[in-house]
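Here are the chains, one letter per residue:
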Amino acid sequence: MATFHEKLTNATQGPNIKTASLRFLSDLASADRSTFRDAWPSAPVTLRRKIVADLVILAEDNIDLNFRHVFLTALEDIDPQVRLTAVEGLYEDESKLLLNRLLPMLRKDPDLAVREAVAKAMGRFTYLAHCEKPVAPRDRIRAALIESATDDMEDDDVKRRSVEALGYFHGDKEVQELIAEAYHEGDTYAESAVFAMGRSMDDRWAPTILEELHNDSAPMRYEAARAAGEMLLEDALADLVRMTEDPDTEVVLAAVWSLGQIGGKAASQALGRVLKSENPALREAAQEALDELLFNADPLNVAAKLASPKLPPESLN
């Protein structure tokens, strides 16, 4: 049987490496991590890009595979595309170790796309802080994001993603002012502001979210629909039901998700209609939303009811 070093040599030098053969990089032992870190920089950049991209796919297809240590090493790669993919590959990591890597990257990484991805990833950590389960002092996370969001020299996309991440800081006056400023900036800034409004769960934003459900812009309708679900806005139900027939599929998906969050008879009936859609993605989203709606209505009996492959709306009343 080939040793780890032999497998790694084949993976980092072979021109035709197959995705499935990279499974050996899952759950690296301590000694293997050191071997990997030493060998990684010498692999051709095209191969490093392919390996991290393939590992993201493998991890998505198999929850038992964990390439965390590979992605942590790849965060330090000289190639920005490799670093970007590594950030994406660590999308479920909520460790202090990762946060300590991301905070400097948010402000100092030379690549715009990487900084934007890091700002988006910071939302996981602001959520943990919101839930009083921070992996680092709340003030440290907040300060880094506010510095990013207010830096006149920073790119607009990084700044607005930082505002999105700050959204979870409910009741923070400075954060709410940043959200308001982003909203009045318009365009993609306004979309990010509405996204942050939903995260904030602050009732002051309810009228704005309800208004934006009627926006001519599909991306804004999408953000408003998601925000309505985040905030459980029952006043949005009629609009969300209407939006299940929106010409934009992404908007429909957002409306379907939010109906599952808010619940009620009108929501279950609308989701039942979406179950009949010819679009498999919409049918799947509607079923997941119905499952969520059922769980929220009767969590103690959800297992038995979810055994049915299709849940008719009337079963949810």
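Let us look at the structure shown here. The structure presented is a predicted model; accordingly, all values stated were derived computationally and were not measured. (Residues numbered from 1 in each chain as written. Predicted model: local features only at pLDDT ≥ 70, side-chain atom pairs only at ≥ 80, totals over all residues. Heavy atoms only, no water.)

### A word on the packing of aromatic side chains
Working step 1: Throughout the structure, instances matching the rule amount to 3 aromatic pairs.
Working step 2: With a centroid separation of 5.6 Å and an interplanar angle of 65°, the aromatic rings of Phe-4 and Phe-24 are classed as edge-to-face. Placement of Phe-4 in helix H1 (residues 4-13) and of Phe-24 in the loop between H1 and helix H2 (30-39) is noted, with a sequence separation of 20 residues between them. An identical accessibility class is assigned to Phe-4 and Phe-24; each is buried. (Phe/Tyr/Trp six-rings, centres within 6.5 Å; stacked < 30°, edge-to-face > 60°. Helix = DSSP H or I, 4+ residues; strand = E, 2+ residues; numbered from the N terminus. Buried < 20%, exposed > 50% of the residue type's maximum accessible area, 1.4 Å probe, protein only.)

### Focus on a negative patch on the surface
Working step 1: Taken together, Asp-156, Glu-177, Glu-181, Glu-185 and Asp-187 make up a surface patch of like negative charges.
Working step 2: Per-element tally for the negative patch: the top contributor is helix H10 (residues 173-185), with 3 residues.
Working step 3: Inspection of the secondary structure assignment puts Asp-156 in helix H9 (residues 156-166).
Working step 4: Asp-156 sits in the partly exposed class, given a relative accessible area of 44%. (Patch = residues over 30% accessible without salt bridge, like charges linked within 9 Å, V, L, I, M, F, W, Y side chains within 5 Å. Areas by Shrake-Rupley, 256 points an atom, 1.4 Å probe, with all protein chains shown as cover. Salt bridge = Lys/Arg side-chain N within 4 Å of Asp/Glu carboxyl O. Lys, Arg positive; Asp, Glu negative; His and termini not counted. Charge placed at Lys NZ, Arg CZ, Asp CG, Glu CD.)

### A word on the pattern of salt bridges
As a working rule, side chains carrying opposite charge can pair if their charged atoms are close by.
Working step 1: Going through the model one piece at a time under the given rule, you end up with 19 salt bridges.
Working step 2: We note a salt bridge from Arg-48 to Asp-77, for which the minimum N-O separation is 2.7 Å. Of the two residues, Arg-48 is situated in helix H3 (residues 45-61) and Asp-77 in the loop between helix H4 (68-74) and helix H5 (80-89); the sequence distance between them amounts to 29 residues. Here Arg-48 matches Asp-77 in class, with each residue buried.

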